[in-house]
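Structure assessment
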Amino acid sequence: MRDLISDNEIENYVKAGRIACTVLKEVESLVKPGAKLLEIAKYIESRIHDLGGKPAFPVNISINSVAAHYTPIPSDESIIPSGAVVKIDVGVHVDGYIADTATTISLDDSYRLLCKATKSALEKALEAIGPGIRFSEIGNIVEQIIKSYGFSPIYNLSGHSLDRYIIHAGEVIPNHRDRLILGSFKSGKAYAIEPFATNGRGYVKEGNDITIFALKPNPKKLSKLSHEVREIFERIYEDRKTLPFTLRWYVKEFSIEKLRSAMRVLIDNGLAIAYPILIEINGGIVAQYEHTIILTSRGEKIVTTLCY
Ligand code: MN
Ligand code: MN
């Protein structure tokens, strides 16, 4: 593992962060009752391209008790319901350097406090981070702040280290005081901090909907599959490598039926993974805020996903 970060790498992280922040800010005004999720997703993803980035993952638009992992499907007709609590989670990469950031828009005033608790947990966590600070200490701060507002953190969702072209690079930054996590923040590395809070029990489970996938290359296994499945794998791999994707991005080239059946075969053969939607187990309403930071080799702390 590298422990240093070059100026060029920092520049790419900061550029990705600025794009992500700009897009997230722009999209807030589009999140209104009746707005189509598909239109919001298309807007975000096309703006990322316009500003010189690429999506690090399909934009997640998660409503009410859905905490994460919903991106509109190609024929999506769903709209923002009135009074919804909407999480928008955007990932941008520039040459593989990823900025991961999320915000919550509450269309119901009674969830303002839930949002405030989550945002405050993120801000206090960011203030406390520095080289040598333990991940569990940050989890403790997140947990204490969210609980002080009378809510629960989501215990089985966490922040993560980032690496080039890798969103979850192995290290976990918990949203509670998890003493089993022994790691600490290191200079020269990037991290995403993402508290989730809920008025439910504080755990998510997998739902039935699957809208996000990623490939797991294995040439030997791939060579045994049909030409049609291989063609789809190769097209997506060329575009995404192992970064997450949505079938929505490929429906101009392949029919949705072919894409869906190829994904089933790839998953069954260990060549792809699915990310089911994550739902709060008690149907609690969920809020999320997220920023990406880098700790430079000189010990500076840069929040890449703030609009400066
Ligand atoms: Mn995110
Ligand atoms: Mn993240």
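Residues numbered from 1 in each chain as written. Chains lettered and ligands numbered in written order. Predicted model: local features only at pLDDT ≥ 70, side-chain atom pairs only at ≥ 80, totals over all residues. Heavy atoms only, no water.

Right, let's talk about the coordination of the manganese ion (ligand 2) for a bit. Within the first shell, the manganese ion (ligand 2) binds the protein through D100 (OD), H160 (NE2), E194 (OE) and E290 (OE), at distances of 2.1 to 2.2 Å. Expressed as a motif, the donor residue spacing for the manganese ion (ligand 2) is D-x59-H-x33-E-x95-E. Separating the manganese ion (ligand 2) from the manganese ion (ligand 1) is a gap of 3.2 Å, which D100 spans by donating to each of them. You can see E194 sitting in the loop between β8 (189–193) and β9 (196–198) and its partner E290 sitting in the loop between β12 (286–288) and β13 (291–295), a full 96 residues away along the chain. Each member of the pair, E194 together with E290, is buried. (Donors = N, O, S within 2.8 Å, 3.2 Å for Na, K, Ca; no water. Helix = DSSP H or I, 4+ residues; strand = E, 2+ residues; numbered from the N terminus. Buried < 20%, exposed > 50% of the residue type's maximum accessible area, 1.4 Å probe, protein only.)

Glancing now at the packing of helix α1 (residues 7–27) against helix α2 (residues 37–50). Their axes nearest at 10 Å, the elements α1 and α2 cross at an angle of 150°. As summarised for this structure, α1 and α2 are arranged roughly antiparallel, according to the angle between their axes. Our pair here, α1 against α2, has a crossing hand that is right-handed. Taking contact as the criterion, the partners of I19, V23, E26 and V27 in α1 are, on α2, I40, Y43, I44, R47 and I48. A breakdown of the residues in the contact of α1 with α2 according to their chemical character gives seven nonpolar, no polar and two charged. (Axes fitted to C-alpha atoms, helices over the stretch in contact; angles between N-to-C directions. Parallel < 35°, antiparallel > 145°, perpendicular 65-115°, else oblique. Left-handed = near helix turned anticlockwise from the far one by under 90°. Contact = heavy atoms within 4.5 Å. Nonpolar A, V, L, I, M, F, W, Y, C, P; charged D, E, K, R; others polar.)

In this section: the domain arrangement of the chain. According to the domain assignment, the chain consists of domain 1 (7–206 + 278–303) and domain 2 (210–277). Computed over C-alpha atoms, the centres of domain 1 and domain 2 are 26 Å apart. Counting residues at the interface gives 24 residues for domain 1 and 16 residues for domain 2. Taken together, both faces of the contact between domain 1 and domain 2 bury some 1,600 Å²; the carbon and sulfur share is 68%. Looking only at domain 1, the three residues that lose the most surface to domain 2 are P58, H69 and P74, adding up to 33% of its buried area. Where domain 1 packs against domain 2, one counts one salt bridge. The salt bridge involving R248 is made with E45; its shortest N-O contact spans 2.7 Å. The interface formed by domain 1 and domain 2 holds nine residue pairs in polar contact (both at pLDDT 80 or more) in total. Listing elements by their share of the side of domain 1 that touches domain 2, those giving two or more residues are α2, β1 (54–63), β2 (66–68), β10 (204–215) and β11 (272–280). (Domains from an automatic or database assignment. Buried area = accessible area lost by both parts, 1.4 Å probe. Salt bridge = Lys/Arg side-chain N within 4 Å of Asp/Glu carboxyl O. Polar contact = N/O pair within 3.5 Å; in protein donor to acceptor, adjacent residues only side chain to side chain.)

Once that is clear, we can look at the sheet that holds β11. What the three strands build is an open sheet, ordered β2-β11-β10; its pairing is antiparallel. The open sheet is flanked by β2 and β10, the only strands paired with a single partner. Strand-to-strand twist in this sheet, taken as the mean axis angle between neighbours without regard to direction, amounts to 35°. By the bridge criterion, two bridges tie β2 to β11 in an arrangement that is antiparallel. Bridging across to β11, V66 finds its partner in I279. (Pairing = 2+ DSSP bridges.)

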